[in-house]
Amino acid sequence: MLDLTYEAPKVKTIAGAKHDWELVIGMEVHAQVSSRAKLFSSASTKFGAEPNSNVSFVDAAMPGMLPVINEFCVDQAVRTGLGLKAAINLNSAFDRKNYFYPDQPAGYQISQLYHPIVGEGEVLVEMGEGIARRVRIERIHLEQDAGKSIHDMDPTMSFVDLNRAGVALMEIVSRPDIRGADEAAAYITKLRQILRYLGTCDGNMQNGNLRADVNVSVCLPGQYEKYLESGDFSHLGTRCEIKNMNSMRFIQQAIDYEARRQIAIVEGGGTVDQETRGFDPDTGETRTQRSKEEAHDYRYFPDPDLLPLEIEQAWVDDIAASLPELPDEKKARFMTGFGLSDYDASVLTAEVEAAGYFEQAAEGRDGKLAANWIINELYGRLKKDETQLADSPVSPAQIGQIVDLIKSDAISGKIAKDVFEICYTSGRDPEEIVETEGMKQVTDTGAIETAVDEIIAANPAQVEKAKQNPKLAGWFVGQVMKATGGKANPKAVNDIVSAKLGL
Amino acid sequence: MADLNTLGLAEARDLLRKGETTSVELTEACLKAIDAADVLNAFVHKTPEIAMERARAADARLQAGDAPAMCGLPIGMKDLFCTEGVPSQAASRILDGFRPEYESTVSANLRDAGAVMLGKLNMDEFAMGSSNETSAYGNAINPWRRDGDDTALTPGGSSGGSAAAVAADLCLAATGTDTGGSIRQPAALTGTVGIKPTYGRCSRWGIIAFASSLDQAGPMTKSVRDAAIMLGAMCSHDPKDSTSADLAVPDFESLLSGDIRGKTIGIPREYRVEGMPAEIEKLWNDGTEMLKAAGAKVVDISLPHTKYALPAYYVIAPAEASSNLARYDGVRYGHRAKLAQGDGITEMYEKTRAEGFGDEVQRRVMVGTYVLSAGFYDAYYNRARKVRTLIKRDFEQAFAAGVDAILTPATPSAAFGLGEMTEADPVQMYLLDVFTVTVNLAGLPGITVPTGRDAQGLPLGLQLIGRPWEEADLLNTALALESAAGFVAKPARWW
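Residues numbered from 1 in each chain as written. Chains lettered and ligands numbered in written order. Predicted model: local features only at pLDDT ≥ 70, side-chain atom pairs only at ≥ 80, totals over all residues. Heavy atoms only, no water.

Participant: How do you make sense of the interface of chain B and chain A when you look at a structure like this?
Facilitator: Quite often, the size of an interface is put as the accessible area lost when its parts meet. If you look at the interface, chain B gives 40 residues, while chain A gives 30 residues. Between chain B and chain A, roughly 2800 Å² of surface is buried when both sides are summed, and carbon and sulfur atoms account for 60% of that area. Summed over the three residues of chain B that lose the most area to chain A, namely Tyr102(B), Ser242(B) and Arg327(B), the buried surface amounts to 21% of that side. The tally of links from chain B across to chain A stands at 1 salt bridge. (Contact = heavy atoms within 4.5 Å. Buried area = accessible area lost by both parts, 1.4 Å probe. Salt bridge = Lys/Arg side-chain N within 4 Å of Asp/Glu carboxyl O.)

Participant: Explain the pairing of strand β12 (residues 240-245) of chain A here, please?
Facilitator: Across a regular strand the side chains alternate sides, sitting on one face of the sheet and then on the other. Residues and elements named next belong to chain A. Of the strand pairs in this sheet, strand β11 (residues 210-219) and β12 are connected by 4 bridges, and their pairing is antiparallel. Among the inter-strand pairings, valine 216 is bridged to a residue of β12, identified as cysteine 240. Since β12 and strand β13 (residues 275-280) lie parallel, the crossover through helix α4 (residues 248-267) that links them has a hand, and here it is left-handed. (Pairing = 2+ DSSP bridges. Helix = DSSP H or I, 4+ residues; strand = E, 2+ residues; numbered from the N terminus. Right-handed = clockwise from strand over helix to strand, strands pointing away.)

Participant: I'm lost on the nonpolar core in this one. Help?
Facilitator: The nonpolar side chains of a soluble globular protein tend to be buried, and buried together. Membership of the largest hydrophobic core comes to 160 residues, with the highest contact counts inside it found for Met70(B), Leu110(B), Phe126(B), Leu170(B), Phe395(B) and Leu475(B). The dominant element in this core, judged by the number of residues it contributes, is helix α9 (residues 309-324) of chain B, at 10 residues. Formed by 102 residues, the second largest nonpolar core is a distinct cluster that contains Met27(A), Cys201(A), Ile399(A) and Ala410(A). (Core = buried A, V, L, I, M, F, W, Y, C linked by side-chain atoms within 4.5 Å. Buried < 20%, exposed > 50% of the residue type's maximum accessible area, 1.4 Å probe, protein only.)

Participant: What is the right way to read the sheet that holds strand β4 (residues 95-98) of chain A from this model?
Facilitator: Hydrogen bonds along the backbone pair up the strands of a sheet, which may run parallel or antiparallel. Residues and elements named next belong to chain A. Read from one edge of the open sheet, 3 strands run β5-β4-β15, paired in antiparallel fashion. Across the chains shown, the open sheet's two edge strands, defined by having one partner strand only, are β5 (108-111) and β15 (301-302). Note that β4 and β5 share 4 bridges and pair antiparallel. Residue pairing for β5: arginine 96 is matched across the bridge by isoleucine 110.

Participant: Explain the domain arrangement of chain A to me, please; I cannot follow it from the model alone.
Facilitator: Residue and element names in this part refer to chain A. If you check the domain split of chain A, you get domain 1 (21-294), domain 2 (325-436) and domain 3 (445-501). The C-alpha-based centres of domain 1 and domain 2 are spaced at 37 Å. Taken residue by residue, the interface counts 13 residues in domain 1 and 14 residues in domain 2. Between domain 1 and domain 2 the total buried area reaches about 1000 Å² when both faces are included, carbon and sulfur atoms providing 48% of it. If you sort the residues of domain 1 by the area they bury against domain 2, Gln193, Arg196 and Tyr197 come out on top, with a joint share of 50%. One salt bridge connects glutamate 126 with lysine 331, and the closest N-O pair in it is separated by 2.7 Å. Between domain 1 and domain 2 we count 6 residue pairs in polar contact (both at pLDDT 80 or more) in total. Taken together, the elements giving at least two residues each to the side of domain 1 that touches domain 2 come down to β6 (121-128) and α2 (181-198). For the side of domain 1 that touches domain 2, the leading source of residues is α2, giving 7 residues. Of the residues contributing to the side of domain 1 that touches domain 2, the split by class is 4 nonpolar, 3 polar and 6 charged. (Domains from an automatic or database assignment. Polar contact = N/O pair within 3.5 Å; in protein donor to acceptor, adjacent residues only side chain to side chain. Nonpolar A, V, L, I, M, F, W, Y, C, P; charged D, E, K, R; others polar.)

Participant: How should a nonpolar patch on the surface be read in this particular structure?
Facilitator: All names here are of chain A. Judged by side-chain polarity, Met153, Met157 and Phe159 come together as a nonpolar surface patch covering roughly 310 Å² of accessible area. Inspection of the secondary structure assignment puts methionine 153 in the loop between β8 (148-150) and β9 (159-161). Here methionine 153 falls in the exposed class, since its relative accessible area comes to 59%. (Patch = residues over 30% accessible without salt bridge, like charges linked within 9 Å, V, L, I, M, F, W, Y side chains within 5 Å. Areas by Shrake-Rupley, 256 points an atom, 1.4 Å probe, with all protein chains shown as cover.)

Participant: I keep staring at the side chain of Lys330(A) and nothing clicks. Help me out?
Facilitator: Residue and element names in this part refer to chain A. Relative to the assigned elements, lysine 330 resides in helix α6 (residues 327-338). At a separation of 3.0 Å, a polar atom in the side chain of lysine 330 contacts the side chain of glutamate 325. Residues in contact with lysine 330, not counting those within four places in the same chain, are Tyr197, Glu325, Thr349, Val352, Ala355 and Glu359.

Participant: When you look at helix α11 (residues 359-372) of chain B in this model, what are you seeing that I'm missing?
Facilitator: Since the α-helix turns once every 3.6 residues, residues separated by three or four places project in the same direction. Here α11(B) contains 14 residues, and its C-alpha end-to-end distance of 20 Å stays within 8% of the 20 Å for a straight helix at 1.5 Å per residue. Restricting attention to buried positions, one finds in α11(B) the residues Glu360(B), Val361(B), Arg364(B), Val365(B), Gly368(B), Val371(B) and Leu372(B). Viewed along the axis of α11(B), the buried residues span an arc of 135°, placing them on a single side of the element. Seen from the buried face of α11(B), the exposed residues on the opposite side, beyond 90 degrees, are Asp359(B) and Met366(B). Elements in contact with the buried residues of α11(B): β15 of chain A together with α9, α10 (345-356), α12 (378-400) and α13 (426-430) of chain B. (Expected span 1.5 Å × (residues − 1). Arc of directions from axis to C-beta.)

Structure below.
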């Protein structure tokens, strides 16, 4: 498949009181693995169950309970790694991250610090036509999610729901290659798109199935390039980590706020403290959660309950062979194969379902026309009804029929809109609608000539005027269209009117 | 017929199968003995109803001719095993009131093999200790006494309750667990047999964890044959334990012949530790001669990294324990401290754990936390892991050179007086594990067999260490040693 070439976007500078500054952002995205069972137990992962109903003895860390790896989750992590063009580590291992919290029943989270299952990869983040940021992925590791602590149900007590405890997460760690709040949002969007194509995470940010820790720092122009050359982080500013963001809008707001805050500190002669911060959506500000001094010592060590995870290349190869076509390849194919614009191809590949819909509608037809009809008419109509594409009353085959009817000059674009509306509301096939409703365009030049002749004969004064001023020919075209109930081919009418008037 | 509770597993099984006694009779005899031995504090929770119910069920199976390996045989269960509906507290206050809704794989295997559980046995808290003195229930007492001296002696630890119960004939056998010697040391101090199988032979599922990479369950019995019978019933491949080995379990008993002609026994020179009592030296030499007389070839071997084993063990075991014991936080089960007005989650953790854990457990949690902390991890934990690899390699090289089993002392001394070590530096107590921890670090099977008595009449044992997964061969060598030693002494009943 043809690879499209991209240019890196220009880094936007932020004007401080004294200098221009640049943003440097790295992200740790926690993506919940699409899996029926948890990472180390057979308890269900179904969202919205009664509190503490999806909890096994292992999840509740009862005495003597032991974790057993869920092979499907490993498969999903490998699939994700392959989708991000990343190295798969045939040997990985699980470590314990020790800390006390009531929603972490064992007192430790099983994660992969020292030997993650996926190594370096990359994500191409498009920022406009022909412009994209290549964000390097450092690693992906598997780990357990925590439960949920609820502090606002009772004035004196806290409650814990362990339904989520032990659910498999993939932590996707990027290099600090993201250079602005817009790029951060675009990165998450692209990552989410790839995960959804792969079927390894549903990307539901509202339910917390995709959330991000955002590391933000600022530096003077030129410093980032020095970091890139040397790999030495000391060229960059001190970073703050904004925890647990699950809204694209909040991520951008938080980054913008954090950039201004850090710039003000540094320009005021201060230093940024490395710390963990939280974002308050009500004020639009970030706030200290944990300073460096208060930072946990997680005392990571290899989990002695689990043997090192060894997978075989042949197994990885099988997964690789079963990967679906991914967004970048699909978009390139839509552009080169169907002649779509960059924009149309992007819109139609945003969701794999939309891409599939388009391909069915466009198969063997004019792809550009099919794309126009889906993006402009269908999407517009669905949006008006707040309906999803999956529930569209118009099938891809029906869009295909409309395209065919237009291309064969059976109907005009204008009539096609009426046909579409009838199809949308009734579900009837466009071909049948055109036939039954007599909407077929008149392309029979004899019939059109007769109509033109009649109008010319009936309006001698207008004929004289038109001969003086050819622009008035339009009036005759309008009259003919009216007389034919809009079914006459407009181009044919135009030609005949011009000829008859001798223009 | 002797009192039924004094029988071993093999004898009792044979009588049951011949119809000369019943499980109910055996069980009643044991329950009576247990009730008469409260002073030994071996059983911390008696389960007579469960015992009688299982005994009756076993008798029905025996009648029907459907008698699995342990059918009708009354045993004790170390408190570290989770037993469904029965208090399982690891002898800790922090698990006050905890009754699991599940049965550990090993105890379920024994139950399925027809064994009759008499109750839960005393132990050091979370299996941390070598004298049974860290138990929240107070220590068990060794039924053995020095000649003409009624000082209460330790039964050893951590499986001290199991050892005392077997030695005092309160049950026919008992389960133990061994992280650094917790089966083998108490067996040696009570004149009983204890085997720790290869790491991975017995499932750890449902056994309250101390140090996951070292913990193994095993039987504590009155003879090597009994150990073979019971070990077979305890082992299985368990998909619920990722470290459980997917290997067939041999019929250990049928492989016992006592014939060790042509076998090579290694005597590791590094185990001849400084200050070793002459009695232990003699015991070891005598054992060596016995094996030689039985037709084995005896060779001197070197296990050069032995001296680093104890420090490495006392880094790795506390490190894992500090993490394994983090779940005892007062949130979901067990003890929770009463909180003062304004106390938050941190106070709840601190007070609960301060009240719930005894001194030794707290000490090890702190040591473990320290060795894993940032800046110390490489110096302690990682270095200890490297030492562990070297210790394992020492054994591999010895076995590769043709050694079939290694003979060592089991303990540096006979049972000591309860309270004698409490004033001492905790390290003095740790030194008691010097001969046993290497086996756990290397994941090997090890067995102790009583082979003699000290000048004051107390039992002493020797340890045999075998190749991984070759428990059958190890048991056979142990049988030869047991036959040659002819240790038949029993503690004089004073309780």
